[in-house]
Amino acid sequence: MQFELNENHALLKTSIREFLEKESPLAKSRPMMEETQEGFSKELYAELGDLGYLGLTLSESEGGGAAGVIGLAVVLEEMGRVAFPGPFLDLVLAEETLCRVKDQQASQFLQETVSGRKKVLLARSEALDDLERSSLQTRCDQDTIRGTKLPVSYGASADVLLVTTAEGLALVPRPEEGWKATSLPALDHAQRFVEISLDSPGRLLTDKQRADTILQEVDQLGALGASALMLGLMEGSLELTLDYLKERKAFGRTIGSFQVLQHRAADMWIRVESSRSAVYRAAWALENKLEEASLLVASAKAYSGDSARFVCGETIQLFGGVGYTWEYDPHIYYKRVKTLEQLYGSTRNQLEAALQSQGI
Amino acid sequence: MDFHFSEEQQQFRMELRAWLKENLERPWIEELRDPKNDEKKLFDIRRNWQAKLNESGYLGIHWPKEWGGRGLTVVENAIFAAEAIHAPPIASRVGINLLGPALIHHATEEQRRRFIPKMLSGEEVWCQGFSEPDAGSDLAALRTRAELDGEDFRLEGQKVWTTFAPWSDWIFVLARTDPDDRYGGITFFLVSLHQEGIDVRPIRQITGESEFGEVFFSGALAKREHIVGAIGEGWKIAMTVLAYERGSMSLAHLARFDHYLKDLVDGVRENGSLQRADVREKIARLMVEKEVLRANGYRTLATLASGQAPGPEASLEKIFWSEYSRRLADGALDLLGLQAHLLVRSPHARPHMDWAQEALYSRAVTIYAGSSEIQRNIISKRILKLPSS
């Protein structure tokens, strides 16, 4: 029984925190979210590749950092803390998919993603809701992929798409004239969603059955990763709140001295720390491939989603009027959380998954 | 990061399971259901069970061997709590769980030798004299006085919410030795209940039982040799007791909650509502929160096992498990309807679970051991460092 991070993970936490605090405080990242087309700093992502963060979860033989699921959680938690924009988790999930496919071209794209030279991203969803559908409309017909995927996160920035089709998982390099991608601006202005219409050359990597198995494993990692991001987001949001409560004055005193606000801050902290327990226990179970991992990952995602919604919403409320302004940062955290609650297995689907993992 | 139980700990669990199978004659719920068992009889069953555990080395599992313990860790103690959920609760729960750690940390060797063995054997049952009618959440406002009488002291005052008072032999009391020093004027006494100047009156609870009572002191003797720590150190020692009361117990509660939630799932399966979306969502949330509770519990356990004393983080656990227990019981009453209202002795009551008792008792757990409001004060002041008004 040990809850502390081991030496390597503790070191990883310090390094990524220092890097992000220097390179991507909100003062620097907000212009990326608000003023660039891709929504993130391409230079920083290249640097993440150089520093080895992009191959974090891969084995050493694949050129990765072998940091495991716990290492991934550590890095994503820190990214959440500063609301780091861009497709970091999506790239990790595409890598995890590629490395499970035995294919020479896939291996080559994997290496290029790890080094930061290319971006491979998954294109799976065909609808905006989270309802399960029995079949995919996108087809793979004699090395041509036809269909519409939406939303695809950061799809416009992809060099290669991994596309799910009725026949299986297909590899689709970006056509020379670029993707037929329509931007879908949404509530979370840091997120980039596109709709991509495909009628492009591509080829099948695996059949449907194998693809489903691979993607099931990748989905667990996605849910865990999103939980760790939300843990970081609520941590960052709570830090903002505590600073504000300690400096803002009203009625002749610091507002943090009002018990009604103290108790609300205490509830936020309880949510943050309980999510931390849940996220790291799930990461540990997934890393060790334990049977209870599906229950624990689903629990972590559902619980940290509810908690992050609560914590980041409270931040806006406790800031008062300025919390509702574009200028202040609380809305950045709140919006990121809303996106993550839906993606990587929505809360209601995770709740159902938790029940089913127990045969209920 | 490691949540594994070690080989030795697994071994401990297996041996314990075998021992329980051999030694536990009847699940506690059946004793409760038996019309022949009145409150006195039930308490005797608890006392006998405690004696049996003590003979077999299953009490004070994480205490040092020299004080009658088994010399293992809080992890094995938690395993015990989880495995023994169908067994009667021990008679001297308050003594062993709360006073025990305080004696081990703060008492003299002589006091430990005098009190610990009889506490373990159940020969002497303890209750806790902290709260008073005008000192509940504001415990330091307590007014029970200890007045010097020769070498020793005489107690004047009243304690309330004293769990097991009607069945106890001894009480550990916080009493005022200096009226002018709010915290430094409090001393921790061990006092016999079998003497002149003490009057114990049961209080009837909302469950109808009288598990706790009031204790009145009028000149009762409190011996100097039975002061724990120094005069004026009572507050500090009380804080140790309360930290143990708050923290490290989630795993024991978890074992109960596992059992309860299983009964709830069985119940909705039987009444045919398990496929309803509203039912599924409610049960899924209770299940998810229970896993979060377990994760919090393991985390505290890991901290304690590494030798650290429970800190203000214990407040997180206390709030989480106590408030969860309310949500779980309310959830069962909602989803099982009046079947969950039936008392354990009623026809048609659920055979393995006393939801009515649990639903009522869950209204106590967010009050005792420092109310949820006090825990939030502790978090905001000591962890979040928010300013005092």
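Residues numbered from 1 in each chain as written. Chains lettered and ligands numbered in written order. Predicted model: local features only at pLDDT ≥ 70, side-chain atom pairs only at ≥ 80, totals over all residues. Heavy atoms only, no water.

What follows deals with helix H4 (residues 68–81) of chain A. Spacing of three or four residues puts side chains on the same side of an α-helix, whose turn is 3.6 residues. All names here are of chain A. Look at H4: 20 Å from first C-alpha to last across 14 residues, which is about the 20 Å you get at 1.5 Å a residue. Taken across its 14 residues, H4 has 13 buried, putting it largely inside the fold. Immediately downstream of H4, the backbone of alanine 83 shows phi near 50°, a positive value. (Helix = DSSP H or I, 4+ residues; strand = E, 2+ residues; numbered from the N terminus. Expected span 1.5 Å × (residues − 1). Buried < 20%, exposed > 50% of the residue type's maximum accessible area, 1.4 Å probe, protein only.)

Turning to the environment of A:Gly86, a few remarks are in order. Residues and elements named next belong to chain A. Along the polypeptide, glycine 86 turns up in the loop between H4 and helix H5 (88–98). Sequence spacing of glycine 86 and phenylalanine 40 is 46 residues, and the spatial spacing of their C-alpha atoms is 5.0 Å. Setting aside anything within four residues of it in sequence, one finds glycine 86 in contact with Phe40, Tyr45 and Tyr154. (Contact = heavy atoms within 4.5 Å.)

Okay, the nonpolar core next. Of all hydrophobic cores here, the largest spans 211 residues; its most connected members are A:Phe88, A:Leu161, B:Phe172, B:Phe188 and B:Leu264. Apart from residues no more than four positions distant in its own chain, A:Phe88 is found in contact with A:Tyr45, A:Leu48, A:Tyr53, A:Leu54, A:Leu72, A:Val75, A:Leu76 and A:Met79. (Core = buried A, V, L, I, M, F, W, Y, C linked by side-chain atoms within 4.5 Å.)

The next thing to look at is the sheet that holds strand S8 (residues 203–207) of chain A. Residues and elements named next belong to chain A. Spatially, four strands are ordered S1-S4-S5-S8 in an open sheet, and the strand pairing comes out mixed. The open sheet is flanked by strand S1 (120–123) and S8, the only strands paired with a single partner. Each strand of the sheet is rotated relative to its neighbour by a mean of 25°, with strand direction disregarded. Bridge count for S1 against strand S4 (residues 160–165) is four bridges, and the pairing is parallel. Within S4, the residue paired with alanine 123 across the bridge is valine 163. (Pairing = 2+ DSSP bridges. Axes fitted to C-alpha atoms, helices over the stretch in contact; angles between N-to-C directions.)

Time to look at empty space enclosed by the protein. Scanning the model with the defined rule gives two cavities of 30 Å³ or more in all. Volume-wise, the largest cavity comes out at about 170 Å³. If you trace the largest cavity, you find 20 residues lining it, with A:Phe84, A:Gly86, A:Leu229, A:Arg336 and A:Leu340 closest to the centre. Elements represented by at least two residues in the lining of the largest cavity include exactly H4, H5, helix H7 (208–247) and helix H10 (330–342) of chain A. A class-by-class count of the residues in the lining of the largest cavity yields 14 nonpolar, four polar and two charged. Formed jointly, the lining of the largest cavity draws a minimum of three residues from each of two domains, domain 1 (7–114) and domain 3 (211–357) of chain A. The space that makes up the second largest cavity amounts to roughly 40 Å³. Contributing to the lining of the second largest cavity are A:Ala278, A:Arg281, A:Ala282, A:Leu296, A:Ser299, A:Ala300, B:Glu291, B:Val292 and B:Ala295. When residues of the lining of the second largest cavity are traced back to their parent elements, those giving at least two are helix H8 (259–287) and helix H9 (293–319) of chain A together with helix H9 (277–305) of chain B. (1 Å grid on protein atoms, 1.4 Å probe; cavity = no way out; pocket = protein on both sides within 12 Å on 5 of 7 lines; lining within 4 Å. Points joined across faces, edges and corners; volume = space filled by probe spheres on them. Nonpolar A, V, L, I, M, F, W, Y, C, P; charged D, E, K, R; others polar. Domains from an automatic or database assignment.)

Residues and elements named next belong to chain B. Each assigned domain of chain B is listed here: domain 1 (7–91), domain 2 (126–234) and domain 3 (247–383). Using only C-alpha atoms to locate each centre, domain 1 and domain 3 end up separated by 21 Å. Each side of the interface is counted separately: domain 1 has 13 residues, and domain 3 has 15 residues. Both sides of the domain 1 and domain 3 interface together cover about 1,100 Å² of buried area, and 71% of this is carbon and sulfur. Counting the contacts that link domain 1 with domain 3 gives zero salt bridges. Linking domain 1 with domain 3 are four residue pairs in polar contact (both at pLDDT 80 or more). If you list the elements that add at least two residues to the side of domain 1 that touches domain 3, you get helix H2 (28–33) and helix H4 (74–83). Broken down by element, the residue count for the side of domain 1 that touches domain 3 peaks at five residues, all from H4. Looking at the side of domain 1 that touches domain 3 residue by residue, the class counts come to nine nonpolar, two polar and two charged. (Buried area = accessible area lost by both parts, 1.4 Å probe. Salt bridge = Lys/Arg side-chain N within 4 Å of Asp/Glu carboxyl O. Polar contact = N/O pair within 3.5 Å; in protein donor to acceptor, adjacent residues only side chain to side chain.)

As a further point, take the side chain of A:Lys149. Residues and elements named next belong to chain A. Examined against the element boundaries, lysine 149 turns out to sit in strand S3 (residues 144–153). According to the relative accessible area criterion, lysine 149 is buried, its value standing at 0%. In terms of polar contacts, lysine 149 uses its side chain to reach the backbone carbonyl oxygen of arginine 124, at 2.9 Å. When residues no more than four places from it in sequence are discounted, the contact partners of lysine 149 are Ala123, Arg124, Ser125, Glu126, Leu136, Thr138, Val163, Thr164, Val194, Glu195, Ile196 and Leu198.

Moving on, we get to the sheet that holds strand S2 (residues 139–141) of chain A. Residues and elements named next belong to chain A. Across the sheet, four strands lie side by side as S2-S3-S7-S6; this open sheet has antiparallel pairing. Strand pairing shows two members of the sheet lacking a second neighbour, S2 and strand S6 (180–183), which therefore form its edges. With direction set aside, neighbouring strand axes in the sheet form an average angle of 15°. Pairing analysis gives four bridges linking S6 to strand S7 (residues 193–201), with the strands arranged antiparallel.

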